[in-house]
Amino acid sequence: MNGSDSLGDRELRAVLDAVALPGGGSLAASGRVTGLSVAGGRVSLSIQIAADEAQVFAPVRDQAEAALRALPGVTSVFAVLTSERPAPPKLNAATPAKADPLAGIGHVIAVASGKGGVGKSTTTVNLALALRAQGLRVGILDADIYGPSLPTLLGLHGKPGMGQGRKLKPMQAYGLQAMSMGLLVEPETAMVWRGPMVMSAITQMMADVEWGALDVLLVDMPPGTGDAQLALAQGTQLAGAVIVSTPQDLSLIDARRGIAMFRKVDVPILGIIENMAHFICPDCGSSHAIFGQGGAEAEAARLSVPFLGAVPLTMELRAASDAGQPVTARDPDGPLGRIYQQIARTMMAGLTTIPRAKSPGQP
Ligand code: ADP
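Computed from a predicted structure; not experimentally measured.

(A) View of the overall build of the protein chain. A count of helical and extended segments in the protein chain gives 13 helices and 12 strands. Looking at the protein chain as a whole, 50% of its 363 residues are labelled buried. By sequence separation, contacts in the protein chain at least 24 residues apart represent 74% of the contacts at least 6 residues apart.

Here's what the structure looks like:
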């Protein structure tokens, strides 16, 4: 609990005591509520459920959120359903040459783009939140050394704390674990880094952070550079990579380069996400295909990689990112949240169907 808040644990629990469970009894008494915290009027909590209880407990979560929101002094509430099942086994379970620092994580997935500014970080954050909304334990490693935007996107402040064994503790936001280069170094410092420094920074962010047990870790990659891809692919068992691209031809060429880079290090491409695919007019709500339609989907087919979905260019997404309140955290089942959730489902389904050619370290 944050000491500066006038709201106490007792008041919050009293509210949760009035939320009834489908099978009888109160939510507070069920022992399912964990991580109840309040900071600056923002309340967050997790509700522990079994993997198959998500549908039954969605109305309970909604009720809990509404009841807490009605408390004076509460400005926002974020409740997530968490199923504490064991991390799924890795698909590419070959023995790496060195100990894998991310061995406790179900799937490590790189999110990459050929060039900057295509919305890679925005996509990473909303995709992570969509996976979280589906009950998975999710972390984001912002390895975009040249433009770390995770602190802004998630509204993170301060420095990460030190855990056991001098490892850094990831920061928490909206039910996600997060670590960013932007929390560790001044932006100007990293701008001049060259290959080897980029590689060692990424290796360190994998090995020296107490990630704990996660189902999925999304790694927001720096655009372009092959060093980062290499460091990541050598340092851990990557489940795959997702490429974010805008529909413009130029960035599709860049996207092709990104795909080639991962293929070179035998990381399966889980698919392409088309960002800013069409423009949704804030006044009339109509959709305009400013850059033409279907370019990324056709390109994905040409490259024989799955097309994961298209995200529109909207004022809401831009404003929410700048405000540090991602759309999918605010409204996971709204029109944009649903798009990210569908992309998340398609991506996760791909993990079980895409064969892995070779593992790092294999001849
Ligand atoms: P990258 O990580 O590729 O450099 P960002 O995620 O930082 O890109 O996005 C660049 C800018 O574009 C940000 O201001 C972000 O808010 C905005 N943006 C990204 N995706 C969208 C979208 N679908 N609609 C509107 N704005 C977007």
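(B) Quick peek at the nonpolar core. Counting residues in each nonpolar core, the largest one holds 82 residues, and the members touching the most others are Phe262 and Met347. A total of seven residues in this core trace back to one element, the largest contributor, which is helix 13 (residues 335-353). Each residue touching Phe262, except ones within four places of it in the same chain, is listed here: Ala110, Ala112, Met221, Gln229, Leu238, Ala241, Ile243, Val267 and Ile269. Judged by nonpolar contacts, the second largest core, of 24 residues, contains Leu16, Val38, Phe57 and Ala64.

(C) Region of interest: the site of the ligand. Lining the immediate surroundings of the ligand are 16 residues, of which Gly117, Lys120, Ser121, Thr122 and Pro312 lie closest. Separating a nitrogen atom of the ligand from a side-chain N or O atom of Asn275 is a distance of 2.9 Å. Starting from 560 Å² of accessible surface for the ligand in isolation, the protein chains cover 81%. Secondary structure elements with two or more residues in the shell around the ligand: helix 3 (120-133), strand 10 (269-280), strand 12 (307-313) and helix 11 (315-322).

(D) Structural context of the environment of Lys159. Position of Lys159 among the secondary structure elements: in the loop between helix 4 (150-154) and strand 6 (171-173). Note: C-alpha distance between Lys159 and Gly182 (23 residues apart in sequence) is 9.6 Å. Setting aside chain neighbours within four positions, we find Lys159 in contact with Met171, Leu183 and Leu184. Among the polar contacts made by the side chain of Lys159, one reaches the main-chain carbonyl oxygen of Leu183 at a distance of 3.1 Å.

(E) Examining helix 10 (residues 295-302) more closely. Those residues of helix 10 that sit buried are Ala296, Glu299 and Ala300. Take helix 10 and look down its axis: the buried residues cluster within an arc of 105 degrees, on one side only. When the buried face of helix 10 is taken as reference, the exposed residues oriented beyond 90 degrees from it are Ala301 and Arg302. With its phi angle positive at about 55 degrees, Ser304 sits one or two positions after the end of helix 10.

(F) Expanded view of the pattern of salt bridges. Counted according to the given criterion, the structure contains 11 salt bridges. A salt bridge links Arg61 to Asp62; its shortest N-O distance comes to 3.3 Å. One salt bridge in this structure joins Asp220 and Lys120, with 2.6 Å as the shortest N-O distance. Remark: Lys120 occurs in helix 3 and Asp220 occurs in strand 8 (residues 214-220); sequence separation between them is 100 residues. Asp220 sits in the buried class, given a relative accessible area of 1%. Among the charged side chains, a network of salt bridges with common partners joins Arg61, Asp62 and Asp333.

(G) Summary view of the environment of Thr246. If you trace the backbone, Thr246 turns up in the loop between strand 9 (238-245) and helix 9 (249-264). Judged by relative accessible area, which is 5%, Thr246 ranks as buried. For the pair formed by Thr246 and His278, sequence separation is 32 residues and the distance between their alpha carbons is 9.6 Å.

(H) Highlighting the confidence of the model for the protein chain. For the protein chain, per-residue confidence averages 82 on the pLDDT scale, and residues scoring 70 or more make up 86% of the total. Of all secondary-structure elements in the protein chain, the lowest mean pLDDT belongs to helix 6 (residues 187-191), at 62, while helix 3 reaches the highest, 96. Within the model, the stretch residues 85-96 combines pLDDT values under 50 with 33 contacts to residues more than four positions away or in other chains. Within the model, the stretch residues 356-363 combines pLDDT values under 50 with 15 contacts to residues more than four positions away or in other chains.

(I) A look at helix 3. End to end, helix 3 covers 20 Å across 14 residues, agreeing with the expected 20 Å (1.5 Å per residue, within 8%). Restricting attention to buried positions, one finds in helix 3 the residues Lys120, Ser121, Thr123, Thr124, Val125, Asn126, Leu127, Ala128, Leu129, Ala130, Leu131 and Arg132.

(J) Structural context of the packing of helix 1 (residues 9-17) against helix 2 (residues 54-69). Packing of helix 1 against helix 2 leaves a shortest axis separation of 9 Å and a crossing angle of 135 degrees. Comparing the axis directions of helix 1 and helix 2 gives the class oblique. Our pair here, helix 1 against helix 2, has a crossing hand that is right-handed. Together, Leu12, Val15 and Leu16 of helix 1 and Ala64, Ala67 and Leu68 of helix 2 make up the contact between the two elements. Along the lines of polarity and charge, the residues of the contact of helix 1 with helix 2 split into six nonpolar, no polar and no charged.

(K) Examining the pairing of strand 5 (residues 138-142) more closely. Of all five residues in strand 5, five are buried, a share of seventy percent or more. In this sheet, strand 8 lies alongside strand 5 in parallel orientation, the contact comprising five bridges. Opposite Ile140, over in strand 8, you have Leu218 as the bridge partner. Bridge count for strand 5 against strand 7 (residues 176-180) is four bridges, and the pairing is parallel. Residue pairing for strand 7: Leu141 is matched across the bridge by Met179.

What counts, and where the lines are drawn
Residues numbered from 1 in each chain as written. Predicted model: local features only at pLDDT ≥ 70, side-chain atom pairs only at ≥ 80, totals over all residues. Heavy atoms only, no water. Helix = DSSP H or I, 4+ residues; strand = E, 2+ residues; numbered from the N terminus. Buried < 20%, exposed > 50% of the residue type's maximum accessible area, 1.4 Å probe, protein only. Contact = heavy atoms within 4.5 Å. Core = buried A, V, L, I, M, F, W, Y, C linked by side-chain atoms within 4.5 Å. Near = heavy atom within 4 Å. Polar contact = N/O pair within 3.5 Å; in protein donor to acceptor, adjacent residues only side chain to side chain. Areas by Shrake-Rupley, 256 points an atom, 1.4 Å probe, with all protein chains shown as cover. Arc of directions from axis to C-beta. Salt bridge = Lys/Arg side-chain N within 4 Å of Asp/Glu carboxyl O. pLDDT = per-residue confidence, 0-100. Expected span 1.5 Å × (residues − 1). Axes fitted to C-alpha atoms, helices over the stretch in contact; angles between N-to-C directions. Parallel < 35°, antiparallel > 145°, perpendicular 65-115°, else oblique. Left-handed = near helix turned anticlockwise from the far one by under 90°. Nonpolar A, V, L, I, M, F, W, Y, C, P; charged D, E, K, R; others polar. Pairing = 2+ DSSP bridges.

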